[in-house]
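Reading the structure
Below are the chains, spelled out letter by letter.
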Number of protein chains: 2
Amino acid sequence: MRDMLIERVRLAHEAPLVDLLIQDGRIAQIEPAGLTDDAAAVREDGAGALVLPGMVDAHCHVDKTLWGRGWVPHSAGPVLEDRIANGERGRAQLGLPSRDGIRALLEQMTAAGTTLARTHTDVDPDIGLRGLELVATVAEELAEVIDVEQVAFPQGGLLTRPGTAELLESALRQGLVGCLGGIDPAALERDSVRHLDLIFGLAESYGARLDIHLHERGTLGAHTMELIIERVLRHGLEGRVAISHGVALVEVDRAHSERISQGLAEARISLLTATVYNTPVLPVAELRGRGVNIGAGNDGVRDLWGPYGNGDMLDRTFHLAYRNGFRTDEQIAAAFDVAVSGGAVALGREPARIEPGAPADLFLIDAASIGEAVAARPPRRLVLKRGRAVARHGSPVRAS
Amino acid sequence: MRDMLIERVRLAHEAPLVDLLIQDGRIAQIEPAGLTDDAAAVREDGAGALVLPGMVDAHCHVDKTLWGRGWVPHSAGPVLEDRIANGERGRAQLGLPSRDGIRALLEQMTAAGTTLARTHTDVDPDIGLRGLELVATVAEELAEVIDVEQVAFPQGGLLTRPGTAELLESALRQGLVGCLGGIDPAALERDSVRHLDLIFGLAESYGARLDIHLHERGTLGAHTMELIIERVLRHGLEGRVAISHGVALVEVDRAHSERISQGLAEARISLLTATVYNTPVLPVAELRGRGVNIGAGNDGVRDLWGPYGNGDMLDRTFHLAYRNGFRTDEQIAAAFDVAVSGGAVALGREPARIEPGAPADLFLIDAASIGEAVAARPPRRLVLKRGRAVARHGSPVRAS
C-alpha cells in the first residue's frame, strides 16, 4: 500500500490546518499544512474537514438485519417475547441470516466511520452455529475494512431452550468466538443464579469475555446487576464483562444506583447502551464521573425487531447526547468519546486516537467540531481502516 | 403556471403506479399511470416514488435560528432561565434575528416537505416588534413557497417584563399576527391567573388564536392546563387554542391525566409537541383515542437554545414515532398524520390531502411506505407548494 498524505484537515474546532502522513497503516506524522514532503504518497485533499478517530459499534446484531433489501413492514407484537418469537418465525421465511444483508450492513457501518464492531449472533438449537459461521465468513472477507468481534448469543434463552448451552460451549471450544452472551437471567430465563453460573463457568473455562443483555427493569434488573458484579469479582473477570442496556440502573433510587455504579466500577464492568426508542437513558456524565466505562452500539438495524436504524454510530451518538440533554461542544464530545474509547475499552482494545504512531482508523467529516458532527451528521468524506480508504462520501469503496 | 403531470408515483405501499395531474395549484386528476393525456403539461418522472401530503411545522422559532452560518458552540447554562437570558444576550452579539437565517431556515424546511409553519417570534421591550416585522417580510418573499403564520411570543414573560403586554396588543391591533403566545404562567410569570386572563382577554378582544408554551412539570403544569381549559370554555374559544409542549400531562397519575385529556378534547385544545431531548413524550395513540388533537413542530433549530435540528418534519416525526415505540407501518403513519392533519387542525387550516380537488401541497420521496419514509428519511425528490416545484432532491428551487 502506498503512503497517503491527507492534506489540510483540522484536529479540533478552529485549530490550524494540518497534514496527516499515513504509512504502513499508521499515522506517521501530523504537521502544519504544506510542510510534509512525501512525493511518493497518494494525496487526499481534506478541504478543511475535521479528522476524528474511527468509532466502535459495541453492540449490534448484523445477523438479524434486513439491510439492503426492499421494505419489510414490521410485524411483531409489543413485548420482548413477541419479538423473540417473531424473529425466529420470520428468520426462515426471509432467509435470515443473509450473507448479502450482513455484508451490506457492515459496509454501511464502515461508510459511516465505524472501524470496530461487536455483534451478537443468535445461537439456538434451530440455527445451531450457522449464524456464527456465516458472520465469520463475511467478517473474514471484510477483514481489511472493519474489525468484527462476535458474541455467541442465546437470544431465546439457554435454560429455556435445551441444547443451547452445548452449542455455546461448542462455539467457544472451536474458537468461533471469544465472547459469550447472556440474556435476562431472571425475567426470561426464570433462574438468574443458574443462568449466570453457567455462563460465568464457561467464560472461566474458555478464557472468554462476557456480554450480557439485561432488559430487566427496576429493582429486578438492579438485583441481577448485583449478582453479575459478585460473580465478576469471584471469578476474577474484572475488565472482561459488559452489561448491554442495563437501564434498571436509572430506575432504582439514587442510593441504590450509586451503590451499583461503585460495584460496576470496581469490577470494571462496562455498560453498553443503544439508547433506543423511549428506554431510559444512561446518565453519561454521572456514570463516567463514578468511574463506570460506557460504550455504545446501534443494536438492531432494520430487522424483525424494529424498522429503524442505519448503522451510523454518529446517529447513535446523537441519540445518546440528545437524550442526555448535552448541548455544549464539551458535553457532546464526551458522548462521542463513549462511541470511541468507551467501546474500545469495553472490548479490551486500544482506543483509536489521532496521534503519531496510532493505527490509521479514522474519518474525515465536513464539520467544525465534534458538536457539529454529531448535530448535523453529514456523510463522511473519507474513512480509513488501518490506512486504507474504505469509504468515500458515505459510500463503501470496493476493493480494487 | 403550466400544468404539471407527475408520472409513475405511488399513493401507498405496493399500490399501483399512478399519474397526478396538477392544474391551477390543485390536484386535478389521479389516474393509473400512462392514462392521463395533457400534452401541454410539464412532465415529471416520479420513478415509483411515494407521494405524501405537505407537512406542517406547527411549532418553530425561525427568528432565533443560526441556520446557514458557521458553527456557534452552545453557551447557555442548564436551566430555562439561563437559556432565556443567554438568548437575549447573544441576540445582539450575533445579529439576531437575521433575515438571511430566517430565509435559509424556511427554505430548508420547505426542501424537507413542510408547506405550512407556525413560528413563535420573540416580542419584548428590547426587540419590540422588529422580529415580527422581519419574519413577516421574509414570509412575504416566500409566500409562494411556504405558508407562514406568526405567533407574537412573550419569551421573557409579559408580567415579569413590563411593556411586553402593550407590544403584544399593538401587534394584534396592527394585524401583524392572528395568534398570541403565552409562557409558563406559574413557573416563569409567578401569577398564572393574571397571565392567562390577560392573554385570553386579548384573544377575545382581537379575535386571535392562542398558543401557550407550557414547560411546567407534573402537578403544577397539570393545574395550569386546567386553568387554560376553564378559560377556553368561558371565553368560547374552543378549537382556537393550543398548548405547546404540555409534558405535565404525562407526569401526573393516570386518572388525573385522563380527566385533563377529556377537558382538552371538550375545549378542542390542541397539543403541539416537539419531542426534544429527553422530555417526556406525549402518548400519541392514547391521546388521539381520547379525542385530543396533536400536532408537531421542530421547535428551535440550531439556535442559542440548543445546537440540534435541521427543520425536517420527517425527522421530527421520527422522534415522535420512535419515542412512542411505534414500529408497525400503521403506527408510524399515525405519527406522520400528527405532522400533517394534526398540525393543520391546530392552526385551523384544511389538512393537506392527496386527492382530486385538494391544493397540490405535497412531496415525493423514494420510500415504499410512510414507515420507510420516517425510518430512513432520504432527501425529498420533489416538493410542491400549490402546484409549484419549490424543492428538488433536498434543495430549494430558486424562483426563476
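Every value quoted in this text rests on a predicted model; they were computed, and no experiment measured them.

Here we look at the pairing of strand β9 (residues 209-214) of chain A
Residues and elements named next belong to chain A. Burial analysis of β9 places six of its six residues in the buried class, the great majority of the element. Here β9 shows two buried faces, one formed by R209, D211 and H213 and the other by L210, I212 and L214. Alignment of β9 against strand β10 (residues 241-245), held across five bridges, turns out to be parallel. Its bridge partner lying in β10, D211 is registered against A242. Remark: the β9/helix α6 (residues 218-235)/β10 crossover connection has right-handed handedness.

Section: the packing of helix α10 (residues 313-323) of chain B against helix α11 (residues 329-346) of chain B
Residues and elements named next belong to chain B. One way to put it is that α10 packs onto α11 with a least axis distance of 9 Å and a crossing angle of 135°. Considering the angle they form, α10 stands oblique to α11. The interaxial crossing formed by α10 with α11 has right-handed handedness. Together, M313, L314, T317, L320 and A321 of α10 and A335, F336, V338 and A339 of α11 make up the contact between the two elements. Among the residues forming the contact of α10 with α11, the class breakdown is eight nonpolar, one polar and no charged.

Quick look at the interface of chain B and chain A
Contacts between the two partners involve 33 residues from chain B and, on the opposite side, 33 residues from chain A. Across the interface of chain B and chain A, roughly 3000 Å² is buried in total on both sides, 56% from carbon and sulfur atoms. Ranking the residues of chain B by area buried against chain A places Y308, Y322 and R327 of chain B at the top, with a combined share of 30%. Run the count over chain B and chain A and you get two salt bridges. The salt bridge involving R302 of chain A is made with E372 of chain B; its shortest N-O contact spans 3.2 Å. On inspection of chain B and its partner chain A, the count reaches 16 residue pairs in polar contact (both at pLDDT 80 or more). Looking at the side of chain B that touches chain A, the elements with two or more residues in it are α10, α11 and α12 (370-376) of chain B.

A closer look at the domain arrangement of chain A
Accessible area lost when the parts come together is the quantity often used to give the size of an interface. All names here are of chain A. Entries for chain A in the domain assignment read domain 1 (4-53 + 353-396) and domain 2 (55-346). In this structure, domain 1 and domain 2 have C-alpha centres spaced 30 Å apart. Each partner contributes to the interface: domain 1 provides 23 residues, whereas domain 2 provides 23 residues. Put simply, domain 1 and domain 2 have five salt bridges between them. For R388, the salt bridge goes to E144, with nearest N and O atoms at 3.2 Å. The tally of links between domain 1 and domain 2 comes to ten residue pairs in polar contact (both at pLDDT 80 or more). Counting residues per element, the ones that place at least two in the side of domain 1 that touches domain 2 are β4 (42-53), β13 (362-365), α12 (370-376), β14 (380-385), β15 (388-392) and β16 (395-396). Taken together, the residues that form the side of domain 1 that touches domain 2 break down as twelve nonpolar, five polar and six charged.

Re the pattern of salt bridges
Under the definition given, this model contains 60 salt bridges over all chains. Salt-bridge contacts for E44 of chain A lead to R392 of chain A; the nearest nitrogen and oxygen are separated by 2.5 Å. Residue E44 of chain A is found in strand β4, and its partner R392 of chain A is found in strand β15; the two are separated by 348 residues along the sequence. Using a relative accessible area of 12% as the deciding quantity, one classes E44 of chain A as buried. When the shortest N-O distance is used, the salt bridge between K64 of chain B and D122 of chain B registers 2.5 Å. Highlighted residues: K64 of chain B in the loop between β6 (55-60) and α1 (80-93) and D122 of chain B in strand β7 (residues 114-122), separated in sequence by 58 residues. We note that K64 of chain B, like D122 of chain B, is buried.

Focus on the relation of the copies chain B and chain A
Its rotation angle being 180°, the transformation that places chain B on chain A also includes 0.0 Å of axial translation and leaves an RMSD of 0.0 Å. On the angle and the small slide along the axis, the relation comes out as a two-fold axis. Among all C-alpha atoms of chain B, that of N278 of chain B lies closest to the rotation axis, at 4.4 Å. When the interface residues of chain B are mapped onto chain A, 100% of them again lie at the interface, so the same face is used by both copies.

With respect to the side chain of T114 of chain A
Residue and element names in this part refer to chain A. Tracing the chain through its elements places T114 in strand β6 (residues 114-122). Looking at T114, the relative accessible area reads 0%, which means it is buried. Apart from the residues within four sequence positions on either side, T114 is in contact with M55, D57, M109, I146, G311 and M313.

Details of the pairing of strand β16 (residues 388-392) of chain B
Residue and element names in this part refer to chain B. Bridging between strand β15 (residues 382-385) and β16 involves four bridges; their strand directions are antiparallel. Its bridge partner being in β16, L382 is matched across the sheet by R392. In this structure, the hairpin formed by β15 and β16 is closed by a connection of two residues, where R386 is found at a positive phi of approximately 45°. Taken together, the two bridges between β16 and strand β17 (residues 395-396) define a ladder with antiparallel strand orientation. Across the sheet, the residue bridging to R392 is S395, located in β17.

Let's talk about unusual backbone geometry
Residue and element names in this part refer to chain A. Here the bond from L96 into P97 is cis, since omega is -5°, no more than 30 degrees from zero. Its location among the elements puts P97 in the loop between α1 (80-94) and α2 (99-111). We note that E14 has phi near 60°; this positive angle belongs to a residue other than glycine. Here E14 shows up in the loop between β1 (4-10) and β2 (18-23). The exposed category is assigned to E14, whose relative accessible area is 67%. For R302, which is not a glycine, the phi torsion comes out positive at approximately 40°. Here R302 shows up in the loop between β12 (294-296) and α10 (313-323). Judged by its relative accessible area of 12%, R302 falls in the buried class.

Brief notes about the sheet that holds strand β11 (residues 270-273) of chain A
Residue and element names in this part refer to chain A. Spatial ordering of the open sheet is given by β5-β6-β7-β8-β9-β10-β11-β12, a layout of eight strands whose pairing is parallel. The open sheet terminates on both sides in strands that have one partner only, identified here as β5 (55-60) and β12. Across this sheet, the average inter-strand angle for adjacent strands is 25°, counted without regard to direction. One ladder, built from four bridges, connects β5 with β6; its direction is parallel. Counted as the bridge partner of C60 is T119 from β6.

A word on helix α8 (residues 254-266) of chain A
Residue and element names in this part refer to chain A. A rise of 1.5 Å per residue sets the reference length of α8, with its 13 residues, at 18 Å; its end C-alpha atoms lie 18 Å apart and thus fit the reference within 8%. Of the residues making up α8, those classed as buried are H256, S257, I260, S261, G263 and L264. In a view along the axis of α8, the buried residues occupy a sector of 160°, so they form one face of it. What points out from α8, more than 90 degrees from its buried face, is the exposed set R254, R259, Q262 and E266. Against the buried residues of α8 lie α6, β10, α7 (248-251), β11 and α9 (284-289). Looking one or two residues past α8, R268 carries a phi angle of roughly 45°, positive in sign.

About the thresholds
- In this convention, every chain numbers its residues from 1, walking through the sequence in written order.
- Each chain gets a letter, beginning with A, and each ligand a number, beginning with 1, in the order they are written.
- Restriction of local features to residues with pLDDT of at least 70 applies here, the model being predicted, together with a cutoff of 80 or more for giving and counting side-chain atom pairs; totals for whole chains, interfaces and linings are based on all residues.
- Note that water and hydrogens are dropped before the side-chain values are worked out from all heavy atoms of the structure.
- Per-residue accessibility, obtained with a 1.4 Å probe over protein chains only, is compared with the maximum for each type, and a residue is labelled buried under 20%, exposed over 50%, and partly exposed between these values.
- Where helices and strands are cited, they refer to DSSP runs of H or I of at least four residues and of E of at least two residues respectively, numbered from the N terminus.
- Strands were regarded as paired on the criterion that DSSP finds at least two bridges between them.
- A clockwise course of the path from the first strand over the helix to the second, judged with the strands pointing away from the viewer, identifies a crossover as right-handed.
- Axis geometry follows a simple rule: fit a line to the C-alpha atoms, using only the stretch in contact for helices, then measure angles between N-to-C directions, giving values from 0 to 180 degrees.
- In what follows, roughly perpendicular refers to angles from 65 to 115 degrees, roughly parallel to angles under 35, roughly antiparallel to angles over 145, and oblique to any angle outside these ranges.
- Two helices cross in a left-handed way if the nearer one is turned anticlockwise from the farther one by less than a right angle. They cross in a right-handed way if the turn is clockwise.
- Contact between two residues is taken to exist if any of their heavy atoms lie within 4.5 Å; hydrogens are not considered.
- Under the scheme applied, nonpolar residues are Ala, Val, Leu, Ile, Met, Phe, Trp, Tyr, Cys and Pro; charged residues are Asp, Glu, Lys and Arg; polar residues are all the others, including Gly.
- By definition, the buried area sums, over both parts, the 1.4 Å-probe accessible area that each loses when the two are put together.
- Counted as salt bridges are all cases of a side-chain nitrogen of Lys or Arg within 4 Å of a carboxyl oxygen of Asp or Glu.
- By the criterion applied in these results, polar contacts are pairs of N or O atoms within 3.5 Å in which, for protein atoms, one can donate a hydrogen and the other can accept it, and in which residues neighboring in sequence qualify only through two side-chain atoms.
- An automatic or database domain assignment is the source of the domain bounds shown.
- We superpose the copies by least squares over the C-alpha atoms of residues that have a pLDDT of at least 70 in both of them.
- To estimate how far a helix should extend, the number of its residues minus one is multiplied by 1.5 Å.
- For this quantity, the arc is that covered by the directions from the helix axis to the C-beta atoms.

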